[in-house]
Amino acid sequence: MCGIYGMAKSPTPYTSKQYNTVRKVMRNIAIDSETRGSHSSGIATVGPAHNGCVYNIDEMQTKLDKQCPVDSQLIFKAIDKCPEIQDAIKHFDSDFALSYVKDNPMVLHLCREDNRPLHVSYVPEIKTLFYASESVFLEDAFENVGIDVETLQLNKNILYSFDVSDFDDVKTNVNKTTFE
């Protein structure tokens, strides 16, 4: 089973020490995430990625007029075409945990359905949100660098939209939208 992980940070620049801490955390998460599989990998950056399985791939490739080497790319094609997550996923027979940026490069969207886990940890001192398929990936990474932070599992069928420009020393200021 594939996994996802990543981070989103406020536009505030890191100090050298903060950058080194973030680098170590991401390295630890990446190493732990290798246990989830190697079907696909990638990295994306956004300034001023995918965990899932589409079971009705032939139907959705026809419906979206797109052939994809990685089946869950079809979900992103649908998200790109539809204004709401509900409209994008309604015809899919799939399992997923997703992270994506759509209209505003400052907003990270995270969501999951029943069969795929997704966890987050916010480190207010560096105004950075980390996410990973498994809570232990985050917990181990923070323990290795001496950061005590809470890790939460995202609820299923809720789109969490994190505006990084609103990250502060206490919270992320997340917007939540329910979908079926």
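Bear in mind that the values here come from a model prediction, so they are computed numbers and not experimental data. (Residues numbered from 1 in each chain as written. Predicted model: local features only at pLDDT ≥ 70, side-chain atom pairs only at ≥ 80, totals over all residues. Heavy atoms only, no water.)

Asker: So what's going on with the nonpolar core? Residues and values would help.
Answerer: One finds Ile75, Ile85 and Phe92 to be the most contacted residues of the largest nonpolar core, which totals 18 residues. At the level of secondary structure, the elements contributing two or more residues to this core comprise helix H2 (57-64), helix H3 (73-81), helix H4 (85-89) and strand S3 (94-100). When residues of this core are assigned to their parent elements, the largest contribution, 4 residues, is made by H3. Other than its neighbours up to four places away in sequence, Ile75 contacts Val54, Ile89, Phe92, Ser94, Phe96 and Leu98. Judged by nonpolar contacts, the second largest core, of 17 residues, contains Ile4, Leu108, Tyr131 and Leu154. (Core = buried A, V, L, I, M, F, W, Y, C linked by side-chain atoms within 4.5 Å. Buried < 20%, exposed > 50% of the residue type's maximum accessible area, 1.4 Å probe, protein only. Helix = DSSP H or I, 4+ residues; strand = E, 2+ residues; numbered from the N terminus. Contact = heavy atoms within 4.5 Å.)

Asker: Just give me the short version of the layout of surface pockets, but keep the residues and values in it.
Answerer: A probe matching the size of a water molecule, rolled over the atoms, marks out where space remains unfilled. Reported here for the second largest pocket is a volume of approximately 280 Å³. What lines the second largest pocket is a set of 15 residues, among which Val120, Leu152, Leu154, Phe162 and Thr172 lie closest to the centre. The set of elements that each furnish at least two residues to the lining of the second largest pocket consists of strand S5 (119-123), strand S7 (151-153), strand S8 (158-163) and strand S9 (174-178). It is S5 that contributes the most residues to the lining of the second largest pocket, 3 residues altogether. For the lining of the second largest pocket, the class distribution of residues is 9 nonpolar, 4 polar and 2 charged. (1 Å grid on protein atoms, 1.4 Å probe; cavity = no way out; pocket = protein on both sides within 12 Å on 5 of 7 lines; lining within 4 Å. Points joined across faces, edges and corners; volume = space filled by probe spheres on them. Nonpolar A, V, L, I, M, F, W, Y, C, P; charged D, E, K, R; others polar.)

Asker: Which residues make up the pattern of salt bridges, and what values do they have?
Answerer: Applying the stated criterion across every chain, the model contains 3 salt bridges. Between Asp114 and Lys156 there is a salt bridge, with its nearest N and O atoms 3.0 Å apart. Within this pair, whereas Asp114 is found in the loop between strand S4 (107-112) and S5, its partner Lys156 is found in the loop between S7 and S8, the two being separated by 42 residues in sequence. The closest approach of N and O atoms between Lys171 and Asp168, which form a salt bridge, is 3.2 Å. With relative accessibility at 43%, the residue Lys171 sits in the partly exposed group. (Salt bridge = Lys/Arg side-chain N within 4 Å of Asp/Glu carboxyl O.)

Asker: Before we move on, could you go through the sheet that holds S5 and cite the residues and values that matter?
Answerer: Strand order in the open sheet formed by 4 strands is S1-S6-S5-S7, and the pairing between neighbours is antiparallel. Every other strand in the sheet has two partners, leaving strand S1 (5-9) and S7 as the edge strands with one partner each. The sheet shows a mean angle of 20° between the axes of neighbouring strands, taken without regard to direction. Relative to strand S6 (residues 128-132), S1 runs antiparallel, the two sharing 5 bridges. The residue of S6 that forms the bridge with Gly6 is Tyr131. On top of the sheet, helix H1 (residues 16-33) reaches S1 and S6; it is set at about 160° to S1, its chief contact. The strands touched by helix H5 (residues 135-145) are S5, S6 and S7; relative to S5, the strand with the most contacts, the crossing angle is about 25°. (Pairing = 2+ DSSP bridges. Axes fitted to C-alpha atoms, helices over the stretch in contact; angles between N-to-C directions.)

Asker: Provide a residue-level description of unusual backbone geometry, including the pertinent values.
Answerer: The backbone phi angle of Asn157 is positive, close to 55°, even though this residue is not glycine. With respect to the helices and strands, the residue Asn157 is situated in the loop between S7 and S8. One non-glycine residue, Asn173, adopts positive backbone phi at about 60°. For Asn173, the location among the structural elements is in the loop between S8 and S9.

Asker: Can you lay out the packing of aromatic side chains for me, pointing to particular residues and giving the numbers?
Answerer: The way to describe two aromatic rings as a pair is by their centre distance and the angle between their planes. Evaluated as defined, the whole model comprises 5 aromatic pairs. Between Phe96 and Phe179 the ring centres are 6.3 Å apart and the planes differ by 20°, which places this aromatic pair in the stacked class. Of this pair, Phe96 sits in strand S3 while Phe179 sits in the segment after S9; the two residues are 83 residues apart in sequence, bridging distant segments of the chain. Lying over the aromatic face of Tyr14, Lys9 brings its terminal NZ or CZ to 4.6 Å of the ring centre. (Phe/Tyr/Trp six-rings, centres within 6.5 Å; stacked < 30°, edge-to-face > 60°. Lys NZ or Arg CZ within 6 Å of the ring centre and 35° of its normal.)

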